[in-house]
Amino acid sequence: MQIELDGYDRRILALLQEDASLSSAQVAEQVGLSQSPCWRRIQRMKEEGIIRRQVTLLDRKKIGLNTQIFAEVKLNAHGRSNFTEFTEAIRGFPEVLECYVLMGAVDFLLRIVTADIEAYERFFFEKLSMVPGIQEVNSIVALSEIKSTTSLPVVR
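Residues numbered from 1 in each chain as written. Predicted model: local features only at pLDDT ≥ 70, side-chain atom pairs only at ≥ 80, totals over all residues. Heavy atoms only, no water.

Going by an unreviewed UniProt entry, the chain carries the name Lrp/AsnC family transcriptional regulator and comes from Pseudomonas citrulli.

So this is what it looks like as structure tokens:
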């Protein structure tokens with residue numbers, strides 16, 4: 001269910017997406033509200049689940065995760081009947097940052113990060129290919145990153 005947001009809410013969300021460490025006073029000043037109403041809006045959006053959590057974003061390359069792989073996974077007929085087992089296995093792999101169910105020729109798209117191609121090869125053979133029900137995996141190596149953001153386009 002979509003929740004109605006006014007202009008203040010949207011500007012607050014845009015600011016917090018860029019820097020979640022801003023205090024409610026700093027946010028209030030930038031959006032043109034006093035601190036208390038701004039704080040109440042932030043709290044309401046947390047309670048309503050619009051703001052799910054606040055995290056620290058890391059630069060993956062600076063911590064040695066230099067390789068990013070997109071893996072298209074196709075399950076066999078038996079694998080599709082065990083959807084839950086597949087999703088639980090994927091959730092247990094820290095290398096998998098994102099997993100999407102798709103319509104079309106493949107069943108899932110995974111975004112995976114590893115230190116290098118050799119580390120991905122180990123992950124593939126020791127973990128991913130061992131998940132029951134997988135028929136095919138097509139791995140695509142990302143050469144460079146043109147755009148990567150966690151910010152949703154909330155300001156209209």
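Caption draft 1: Spatial organisation of the overall build of the chain. Along its length, the chain carries six helices and four strands. Mapped in sequence order, the helices and strands of the chain form the string α-α-α-β-α-α-β-β-α-β. In terms of overall dimensions, the chain has a C-alpha envelope of 55 × 35 × 25 Å along the principal axes. For the chain, buried positions account for 31% of its 156 residues. In the structure as shown, the chain presents an accessible area of about 10,700 Å², 53% of it carried by carbon and sulfur atoms. Averaging the coordinates of the 19 positive side-chain charges in the chain and doing the same for the 21 negative ones gives two points 5 Å apart. (Helix = DSSP H or I, 4+ residues; strand = E, 2+ residues; numbered from the N terminus. Buried < 20%, exposed > 50% of the residue type's maximum accessible area, 1.4 Å probe, protein only. Areas by Shrake-Rupley, 256 points an atom, 1.4 Å probe, with all protein chains shown as cover. Lys, Arg positive; Asp, Glu negative; His and termini not counted. Charge placed at Lys NZ, Arg CZ, Asp CG, Glu CD.)

Caption draft 2: Representation of a nonpolar patch on the surface. Taken together, the side chains of Ile117, Val141 and Leu143 define a hydrophobic patch exposed on the protein surface, amounting to about 320 Å² of accessible area. Looking at Ile117, the relative accessible area reads 42%, which means it is partly exposed. (Patch = residues over 30% accessible without salt bridge, like charges linked within 9 Å, V, L, I, M, F, W, Y side chains within 5 Å. Salt bridge = Lys/Arg side-chain N within 4 Å of Asp/Glu carboxyl O.)

Caption draft 3: Up close: the pattern of salt bridges. Per the stated rule, a full pass over the model turns up seven salt bridges. The closest approach of N and O atoms between Arg111 and Glu98, which form a salt bridge, is 2.5 Å. Of the two residues, Arg111 sits in strand 3 (residues 108-114) while Glu98 sits in strand 2 (residues 96-101), which places them 13 residues apart along the sequence. Within the structure, one salt-bridge network assembled from shared partners comprises Asp6, Asp9, Arg41, Arg44 and Glu48.

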